Amino acid sequence: MTVPTGRRERKKAATRQKIADTALRLFLERGYDAVGIRDVAAEADVAVTTLFSHFASKEALVFEQDDNFEQRLTQAVTDRAPHEPLIPALRREILAMVRHCTADGSAPIYRMIDESRALREYEESMRLRHAESLASAIAADPGLPQTTTACRTIARFVIDAYALAREAADPQAAVDEIFRMIEAAWAAV
């Protein structure tokens with residue numbers, strides 16, 4: 001994620017982070033369903049309208065790094081070295097993200113997501129959106145002459161690899177296993 005350069009941008013980013021941190025703390029302390037938007041705004045010392053200027057919904061507060069996730073995946077495609085194969089570049093990025101999200105302290109967040117229907121549904125719609133962005137990045141690469149269907153399929157596999165590996169007892173082994181299948185699927189097209 002790029003660091004805001006101007007004073008106004010830094011203040012907006014700081015406010016956004018304060019709201020997200022406050023929301024997550026309250027959700028983990030009291031339970032997601034027990035905390036309302038007004039509770040988060042009051043605790044973060046911002047107006048409800050300010051909260052909504054930074055986050056579109058209550059669910060978005062939990063997934064505040066959503067844009068960064070999508071950006072990292074598309075950059076794994078667009079910023080890879082010339083002639084670097086696609087799948088290893090995506091594998092490397094997914095593995096880095098899985099390591100980050102399985103680090104100490106993340107388990108309560110994913111437990112909270114698993115326990116909330118609203119959060120599970122939001123995460124699923126978010127994954128579909130990420131897959132479409134990733135598919136577009138793959139399809140736009142002139143060195144990867146694949147059909148739209150192939151690009152969309154591989155993108156969904158990659159997004160699902162993240163979710164599956166995050167839940168595995170051995171996340172790295174899961175990434176390795178899943179990406180062997182993704183590599184075979186990519187080679188088949």
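Heads up: the structure comes first, above all this text.
Residues numbered from 1 in each chain as written. Predicted model: local features only at pLDDT ≥ 70, side-chain atom pairs only at ≥ 80, totals over all residues. Heavy atoms only, no water.

Trainee: Account for the packing of helix H1 (residues 7-30) against helix H7 (residues 107-115), with residues named and values stated.
Mentor: H7 packs onto H1 with a crossing angle of 70 degrees between their chain directions and a minimal axis gap of 11 Å. Here H7 runs roughly perpendicular to H1, going by the angle between their axes. Residue-level contacts link Leu24, Phe27 and Leu28 of H1 to Pro108, Ile109 and Met112 of H7. Split by residue class, the contact of H1 with H7 holds six nonpolar, no polar and no charged. (Axes fitted to C-alpha atoms, helices over the stretch in contact; angles between N-to-C directions. Helix = DSSP H or I, 4+ residues; strand = E, 2+ residues; numbered from the N terminus. Parallel < 35°, antiparallel > 145°, perpendicular 65-115°, else oblique. Contact = heavy atoms within 4.5 Å. Nonpolar A, V, L, I, M, F, W, Y, C, P; charged D, E, K, R; others polar.)

Trainee: Give me the pattern of salt bridges: which residues, what numbers.
Mentor: The final tally for this structure, using the stated rule, is 14 salt bridges. Notably, a salt bridge pairs Arg25 with Glu29, separated by 3.5 Å at the nearest N-O pair. With Arg25 and Glu29 both in helix H1, this residue pair falls four residues apart, about one helical turn. Overall, the relative accessible area of 53% leaves Glu29 in the exposed class. One network of salt bridges, in which partners are shared, links Arg25, Glu29 and Glu43. (Salt bridge = Lys/Arg side-chain N within 4 Å of Asp/Glu carboxyl O. Buried < 20%, exposed > 50% of the residue type's maximum accessible area, 1.4 Å probe, protein only.)

Trainee: Describe the environment of Ala174, naming the residues involved and giving the relevant values.
Mentor: Looking at the secondary structure, you find Ala174 in helix H10 (residues 171-188). Classification of Ala174 as buried rests on a relative accessible area of 11%. In this structure, the C-alpha to C-alpha distance between Ala174 and Leu164, residues 10 residues apart in sequence, is 7.5 Å. Beyond its immediate sequence surroundings of up to four residues, Ala174 is in contact with Ala165 and Ala168.

Trainee: Hey, could you go over the environment of Val158 for me, with residue numbers and the actual values?
Mentor: With respect to the helices and strands, the residue Val158 is situated in helix H9 (residues 148-167). Sequence spacing of Val158 and Leu90 is 68 residues, and the spatial spacing of their C-alpha atoms is 7.4 Å. Contacts of Val158, omitting those with residues within four sequence positions, involve Leu73, Leu90, Ile94, Leu134, Phe179 and Ile182.

Trainee: Explain the packing of helix H8 (residues 117-140) against H9 to me, using residue names and the numbers behind them.
Mentor: Put simply, H8 and H9 touch, their axes get as near as 8 Å, and they point 135 degrees apart. Comparing the axis directions of H8 and H9 gives the class oblique. Remark: the crossing between H8 and H9 carries right-handed chirality. Contacts from Glu123, Arg127, Leu128, His130, Ala131, Glu132, Leu134, Ala135, Ile138 and Ala139 of H8 reach H9 at Cys151, Arg152, Ile154, Ala155, Arg156, Val158, Ile159, Asp160, Ala163 and Arg166. Of the residues that constitute the contact of H8 with H9, the class distribution is 12 nonpolar, one polar and seven charged. (Left-handed = near helix turned anticlockwise from the far one by under 90°.)

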